[in-house]
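The residues making up each chain are set out below.
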Amino acid sequence: MSTTSDTNGVEPNADAVTGRWDGVDVHFGEEGGRLTYGSYLRLGALLDQQRLESDPPAHDELLFITIHQVYELWFKQVLHELTASRDAMLADELWLAEHLLRRVHTIERILTQQVDILETMTPQDFGEFRHRLSPASGFQSVQFREIEFLSGAKDPSFVKRFRGLTDAERTRLEQRLEEPTLWDAYLAVLRAAGFPTDSEDEIRTALQTVAADRSKYAAIWELAEALLQHDELAAAWRARHVVMVERMIGAKPGTGGSSGAGYLRSRLDLRYYPLLWRLRTTL
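Residues numbered from 1 in each chain as written. Predicted model: local features only at pLDDT ≥ 70, side-chain atom pairs only at ≥ 80, totals over all residues. Heavy atoms only, no water.

**Regarding helix 10 (residues 182-192)**
In an α-helix there are 3.6 residues to a turn, and that puts residues three or four apart on one side. Defined as follows: Think of it in three bands: residues with accessible area under 20% of the maximum for their type are buried, residues over 50% are exposed, and the middle band is partly exposed, with areas taken using a 1.4 Å probe on protein chains only. Only DSSP runs of H or I with at least four residues qualify as helices, and only runs of E with at least two residues qualify as strands; both kinds are numbered from the N terminus onward. Only heavy atoms matter for contacts: two residues are in contact if any of them lie within 4.5 Å across the pair. Whenever a nitrogen or oxygen atom comes within 3.5 Å of another N or O atom, the pair is scored as a polar contact, on the condition that within protein one atom can donate a hydrogen and the other can accept it, and that pairs from neighbouring residues in sequence are kept only if both atoms are in side chains.
By the criterion of burial, helix 10 is predominantly enclosed, with 8 of the 11 residues buried. Looking only at helix 10, the buried set comprises L182, W183, A185, Y186, L187, A188, V189 and L190. Residues of helix 10 that are buried sit in contact with helix 4 (61-90), helix 5 (94-118), helix 7 (142-151), helix 11 (200-212), helix 12 (218-249) and helix 14 (274-282). If you check the start of helix 10, you find a side-chain oxygen 3.2 Å away from the backbone N of W183, and it comes from T181. Backbone geometry just downstream of helix 10 places G194 in the positive-phi region, at approximately 100 degrees.

Here it is in structure tokens:
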């Protein structure tokens, strides 16, 4: 690839590059000179974040760090979409709320599939550096707790008992505890459609009415299904995660002092939207 003058014989901007690439005319102008793939994605900083604690370096520690950093990036995206979906429901933009939830579903399937990559690490390989992780633990993932709070499973005790929170993290969690959840937003959708929602019985009646007349309440029904799918995929990830932990460390306690797999199994029955699940019994 080489630089050339333009077809009119005028010299291009000093920052511009033109030429042929695989038989195609290309032109990288001034903007391209200022912004590159690497600078846009901040790859220098991103790829410098995988700092191993083991000494000598354990081969699989890079995999362990990468997987969990990728999880946190996806958690950030999930929070972005769930927050926007909630706000769309509150603004009566039901199509947008459902669309964003469907995107979350796709991400959640990827989150579950990533466990397969982590399981290419054997317990012996994990044991080479696991002692270096204490007292860090996945239990301390603030973004994961934000997802749970936003989805409807608010747990103020987490904020009180976790001493490792920064001021910014504590503020974020407290804000999530105060702001409307996805379920709160869905109840607002029901009220906008004329249904009372002051009691559980009224909500149950509203859901049964919506389910019985999907032609009239199509958007509300599909939104309920999207919420339930989010709930189901979150449960599938928790189930897959606990089996992976048992395969990796058996009944050992977690690095952060939790009971390890025992604690994770205690979360398997968590459901964000129990009324949507109970609705199935009446259909």
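**Overview of the packing of helix 11 against helix 14**
Rule in force here: Axis lines are fitted to C-alpha atoms, over the contacting stretch for helices. Their N-to-C directions set the angle, which ranges from 0 to 180 degrees. In what follows, roughly perpendicular refers to angles from 65 to 115 degrees, roughly parallel to angles under 35, roughly antiparallel to angles over 145, and oblique to any angle outside these ranges. Left-handed describes a crossing in which the near helix is turned anticlockwise from the far one by less than a right angle; the clockwise case is right-handed. As a working rule, the residues Ala, Val, Leu, Ile, Met, Phe, Trp, Tyr, Cys and Pro are called nonpolar, Asp, Glu, Lys and Arg charged, and the rest polar, with Gly in that last group.
The geometry of helix 11 relative to helix 14 is characterised by a closest axis approach of 10 Å and an angle of 60 degrees between their N-to-C directions. Taken together, helix 11 and helix 14 sit at an angle that is classed as oblique. The hand of the helix 11/helix 14 crossing is right-handed. Where helix 11 approaches helix 14, its residues E200, I203, R204, L207, Q208 and A211 are matched on the opposing element by L275, L276, R278, L279 and T282. Looking at the contact of helix 11 with helix 14 residue by residue, the classes come out as 6 nonpolar, 2 polar and 3 charged.

**Focus on the packing of helix 10 against helix 12**
Where helix 10 meets helix 12, the axes come as close as 11 Å, and the angle between the chain directions of the two elements is 165 degrees. The angle between helix 10 and helix 12 places the two elements in the roughly antiparallel class. The two elements helix 10 and helix 12 meet at a crossing, and its hand is left-handed. For the pair helix 10 and helix 12, contact is made by L182, Y186, V189 and L190 and by I220, L223, A224, L227 and H230, respectively. Among the residues making up the contact of helix 10 with helix 12, the classes are represented as 8 nonpolar, 1 polar and no charged.

**Quick word on the nonpolar core**
In globular proteins that are soluble, nonpolar side chains generally tend to be buried together. Short version of the rule: To define a nonpolar core, start from buried Ala, Val, Leu, Ile, Met, Phe, Trp, Tyr and Cys residues and group those joined through side-chain atoms within 4.5 Å.
With 62 residues, the main nonpolar core has M89, W183, Y186, L190 and L207 as its most contacted residues. Mapped by element, the contributors of at least two residues to this core are helix 4, helix 5, helix 7, helix 10, helix 11, helix 12 and helix 14. Sorting elements by how many residues they give to this core places helix 12 first, with 14 residues. If you look at the next biggest cluster of nonpolar residues, it comprises 7 residues, including V142, F149, F158 and V159.

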